[in-house]
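Here is what each chain is made of, one letter per residue.
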Amino acid sequence: MAGRVLDAGLDLFDRQLLDKDARLAGKVDDLEFSFPEGGGPPHVTAILAGPGALAGRLGGRLGAWLEGLANRLRDSQERRPARIPFGVVKRIGSCVDLSVAKEELETDRVDAWIGDHVISRIPGARHAPE
Amino acid sequence: MRLSELLGAEVVDEQGRGAGRVHDVRLEQDGPIIGGFGASLRLAGLIIGWRALGARFGYERASMMGPLPVKLLVGWVHHDGRYVEWDRVRAIEPGRILITGSADDLPHPSAAS
Amino acid sequence: MRKVFEIALGILTAIGGFVDIGDIVANTETGARFGMSLAWVVVVGVVGICVFAEMAGRVATVSGRPVFDLVRERLGARVALVNLLASFFITFLTLAAEIGGVALAIELATSVNYLLWIPLVAFLVWFVVWRVKFQVMENVFGLLGLALIVVAVALWRLHPDWGGLIHGATHPAVPKGEGHPTWWYFAIALLGAAMTPYEVFFFSSGAVEDGWTRSDLMVNRANVYIGFPLGGLLSLTLMVMATLFFEPRGIEPGHLSQVALSTALVLGKLGLAVLLVGFFAATFGAALETALSCGYTVAQYFGFQWGKFVRPTEAPRFHLVTLLSIVLGAGLVLSTLDPIKVTEYSIVLSAAALPLTYFPILLVANDPDYMGDKVNSRLGNAIGSLYLALLLVVAVVTIPLMILTKAGS
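All figures in this text were calculated on a predicted structure; none of them were measured in a lab.

### So, the overall build of chain C
Regarding its fold elements, chain C presents 16 helices and zero strands. Taken against the 2.2 N^0.38 rule, which gives 22 Å for 409 residues, the C-alpha radius of gyration of chain C at 20 Å falls within 12% of a compact globule. For the C-alpha atoms alone, the extent of chain C along its principal axes is close to 55 × 50 × 45 Å. Pairs at least 24 residues apart make up 87% of the contacts formed inside chain C by residues separated by at least 6 positions.

This is the structure in structure tokens:
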């Protein structure tokens, strides 16, 4: 894939993320750029996902409110959106395929919490799919 | 730096003239190796103008044929796109990106890269 | 042979599943006030839903992606959020109306006030969504909904003046004593009832739930092109019954019991019982579809795992949204808001919101990267574009008309 050219907004934004077992793992809400150590132009270092990341896209007061909400949901001290290091991206096509399982992603925390504290309490939650 | 911070920013040349707003960025996969992905995606340049709308709908690709009224409408809005190569970027401020040179000599995105 | 059975089952469930509380209310009220003069709108609506449901089903079958997933990809996060808020709100309103409709149907059968039935109905809707297999759910309520054919039977027994009815339908004219704006307002309501957005969300997500592949495209087409028009015919029989029973007497049916009355008068207790089964199945089935659609739209916008085809613990946020929607929807009707009024608003607002849903479908259905060789034909595009233009006009005039006619009073 050397030298492949993409337009970020067109080919990456709002694409469905699939984990290594083809399970749905959220959408590409924003991208993180970093300047490499040896100098030079910035490159994409992470996918940002979740309400904190989406807040940046929505902008304005709605975005600010959403960001505040997201920061309260995240139990870590850091005031930043959940990130998926770009190194775990396997392939970019009509979806973005990741090389890790959903549970290993930072973005899965809210899902996991709701799963453990709400859904699991209801009888039949671990039942085979209907 | 987040991509959403670049999008929508006004691009301003050395004389202080506006060249339009950033609607998308072009990436090239020739940066340093990053994890299991391979060469990382380098920020090659900024795309200014309305074209991103039609592109988003899918009309960038010549294979997208219809529906006709939408394709025509998109084509009409399409042609004022311009491209700024990353090394022309002097400074990034909140909501503004300063570039070297003049706003007049910016190429069309399809001509670039 | 098995394929024939599959297609037959699909068509029958499509017919039985077509009518919901919106169609019951819209067709009955329109027949009572305007006779058959708006029957043509049902035809326009049925053709429209056929075209777009087939498109959405085809997109989901070939690309594996349901409608709302692609809405965000095509329109971007911000515009798609507006789309989500509008679509979710309308689907939620429809869910509340359907829950109310089920409770009203049970009230008719038991003479116990509908408000008392709402908590039970809400629980049952959630329980079926939680535990009953998707295909079983579709088939049972779709087939039971066929009980509504009893209205057609009653109509037949009446030996009505077919000539007069057909004349009224083919020569649309605003009846004396009614204003043009109100006539058009009811037209919009009928259109919204036939072309509800949730139908498309459910149909496309259902294609993924059922695991449809390219070999199922023919089943998809048969369900839609044979099932939906016949379902529309069932809606029209409700309009005809209302024309015969209510219009001459100047009655404006505001209660489900009045709708049932006409059939009961002709076919007696047995006919009424069958009709009530039909009402129950139609509204309960639609409650299931709208509840799931509430979950589908939100989950698909954010990219969460959704669907009944995975263990509930694998799709926690989807199930949470669905559960909350059912609870809040039940709450809305428990607030003693008249379910019929809620229905009226939901169908009119549905009509206004249709472009939001249909435009992205039309776009993706044309994209060869997603559809391969199954992109829209030129005819399909022509019809689709025409409908989109029509729906944009409807979207613009709906709110002004609503204010002008005081919501059709």
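### As for the overall build of chain A
Within chain A, the regular secondary structure consists of four helices and eight strands. Taken from the N to the C terminus, the helices and strands of chain A come in the order β-α-β-β-β-β-α-α-β-β-β-α. Taken along its principal axes, the extent of the C-alpha atoms in chain A is 55 × 35 × 25 Å. Residues classed as buried in chain A amount to 44% of the 130 residues present.

### Description of helix H7 (residues 149-158) of chain C
All names here are of chain C. The complete set of buried residues in H7 reads Val-150, Val-151, Ala-154 and Leu-155. Down the axis of H7, the buried side of the element spans an arc of 150 degrees, and every buried residue falls inside it. On its buried face, H7 sits against helix H11 (217-245) and helix H12 (256-302). After H7 finishes, the residue His-159 shows a positive phi value of roughly 45 degrees.

### What about the packing of helix H4 (residues 67-110) of chain C against helix H10 (residues 197-209) of chain C?
All names here are of chain C. For the pair H4 and H10, interaxial distance at closest approach is 10 Å and the crossing angle is 120 degrees. By the angle class used here, H4 and H10 are oblique. The two elements H4 and H10 meet at a crossing, and its hand is left-handed. Contact residues: H4 offers Val-67, Phe-68, Ser-87, Ile-90, Thr-91 and Thr-94, while H10 offers Pro-197, Tyr-198, Val-200, Phe-201 and Ser-204. Residues of the contact of H4 with H10, tallied by class, amount to seven nonpolar, four polar and no charged.

### Quick word on the interface of chain A and chain B
Contacts between chain A and chain B engage 30 residues on the former and 31 residues on the latter. Breaking the side of chain A that touches chain B down by element, the ones donating at least two residues are strand E1 (5-7), helix H1 (8-12), strand E4 (30-34), strand E5 (43-49), helix H2 (51-58) and strand E7 (89-92) of chain A. When the residues that make up the side of chain A that touches chain B are grouped by side-chain class, the tally is 17 nonpolar, seven polar and six charged. By the bridge criterion, three bridges tie E1(A) to strand E2 (residues 18-28) of chain B in an arrangement that is antiparallel.

### Topic: the pairing of E4(A)
All names here are of chain A. The buried count for E4 comes to four of five residues, which makes it a mostly enclosed element. With five bridges joining them, E4 and E5 adopt antiparallel strand pairing. Pairing of Glu-32 across the sheet is with Ala-46, part of E5.

### Here we look at the confidence of the model for chain C
Here chain C shows a mean pLDDT of 91. Residues at 70 or above account for 100%. Note on the complex model: pTM 0.91, ipTM 0.89.

### Observations concerning the pairing of strand E3 (residues 24-27) of chain A
All names here are of chain A. Note that strand E2 (residues 16-18) and E3 share two bridges and pair antiparallel. From the neighbouring strand, Leu-18 faces E3, where its bridge partner is Leu-24. What sits between E2 and E3 in their antiparallel hairpin is a turn of five residues, with Ala-22 showing a positive phi close to 60 degrees.

### Here's the deal with the sheet that holds E2(A)
Residue and element names in this part refer to chain A. Read across the sheet, four strands follow the order E3-E2-E8-E7 without closing on themselves; strand pairing throughout is mixed. Because the sheet does not close on itself, it has two edges, and the strands there are E3 and E7. Mean inter-strand twist for the sheet, computed between neighbouring axes without regard to direction, equals 25 degrees. One ladder, built from two bridges, connects E2 with strand E8 (residues 96-98); its direction is parallel. Bridge assignment links Leu-18 to a residue of E8, and that residue is Asp-97.

### Overview of the packing of helix H14 (residues 339-364) of chain C against helix H16 (residues 378-404) of chain C
Residue and element names in this part refer to chain C. Across the interface, H14 lies against H16 with an axial gap of 8 Å and an inter-helix angle of 150 degrees. Classified by the angle between their axes, H14 and H16 sit roughly antiparallel to one another. In this structure, H14 meets H16 at a crossing whose hand is left-handed. Residue-level contacts link Val-348, Ala-351, Ala-352, Leu-354, Pro-355, Tyr-358, Phe-359 and Leu-362 of H14 to Gly-384, Leu-388, Leu-391, Leu-392, Val-394, Ala-395, Thr-398, Ile-399 and Met-402 of H16.

### What about helix H9 (residues 180-194) of chain C?
Note on helix geometry: an α-helix contains 3.6 residues per turn, so any two residues three or four positions apart are oriented the same way. Residues and elements named next belong to chain C. Compared with the 21 Å implied by 1.5 Å per residue over 15 residues, the 21 Å span of H9 between its first and last C-alpha is a close match. In terms of residue burial, H9 counts as a mostly covered element, since 12 of its 15 residues are buried. Among all positions in H9, only Trp-183, Trp-184, Tyr-185, Phe-186, Ala-187, Ile-188, Ala-189, Leu-190, Leu-191, Gly-192, Ala-193 and Ala-194 are buried. The elements touched by buried residues of H9 are helix H2 (21-34), helix H3 (39-63), H11, H14 and H16.

### Digging into the nonpolar core
Side chains of a nonpolar character, in soluble globular proteins, are inclined to be buried together. Core analysis: the biggest nonpolar cluster contains 206 residues, and Ala56(C), Ile99(C), Val125(C), Ile188(C), Leu190(C), Leu288(C) and Ile361(C) have the highest contact counts within it. Setting aside chain neighbours within four positions, we find Leu190(C) in contact with Ala26(C), Thr30(C), Leu38(C), Val41(C), Val42(C) and Gly45(C).

### Details of the environment of Leu337(C)
The residue Leu337(C) is located in the loop between helix H13 (316-334) and H14 in this model. Looking at Leu337(C), the number of C-beta atoms within 10 Å reads 14, which means it is partly exposed.

### Section: unusual backbone geometry
Positioned with a positive phi, Ala22(A) is a non-glycine residue whose angle comes to about 60 degrees. Mapped onto the elements, Ala22(A) comes out in the loop between E2 and E3. In this structure, Ser111(C) is a non-glycine residue whose phi angle is positive, near 60 degrees. Of note, Ser111(C) is situated in the loop between H4 and helix H5 (114-131). Given 7 C-beta atoms within a 10 Å radius, Ser111(C) is considered exposed.

### Details of the environment of Val12(B)
Residues and elements named next belong to chain B. Inspection of the secondary structure puts Val-12 in strand E1 (residues 10-12). Sequence-wise, Val-12 and Arg-26 are 14 residues apart; in three dimensions their C-alpha atoms are separated by 19 Å. Aside from chain neighbours lying at most four places away, what touches Val-12 is Arg-17, Gly-18, Arg-96 and Leu-98.

Procedures and definitions
- Residues numbered from 1 in each chain as written.
- Chains lettered and ligands numbered in written order.
- Predicted model: local features only at pLDDT ≥ 70, side-chain atom pairs only at ≥ 80, totals over all residues.
- Helix = DSSP H or I, 4+ residues; strand = E, 2+ residues; numbered from the N terminus.
- Rg over C-alpha atoms; globule rule 2.2 N^0.38 Å.
- Contact = placed C-beta atoms within 7 Å.
- Buried ≥ 20, exposed ≤ 12 C-beta atoms within 10 Å, placed from the backbone.
- Arc of directions from axis to C-beta.
- Axes fitted to C-alpha atoms, helices over the stretch in contact; angles between N-to-C directions.
- Parallel < 35°, antiparallel > 145°, perpendicular 65-115°, else oblique.
- Left-handed = near helix turned anticlockwise from the far one by under 90°.
- Nonpolar A, V, L, I, M, F, W, Y, C, P; charged D, E, K, R; others polar.
- Pairing = 2+ DSSP bridges.
- pLDDT = per-residue confidence, 0-100.
- Expected span 1.5 Å × (residues − 1).
- Core = buried A, V, L, I, M, F, W, Y, C linked by C-beta atoms within 7 Å.

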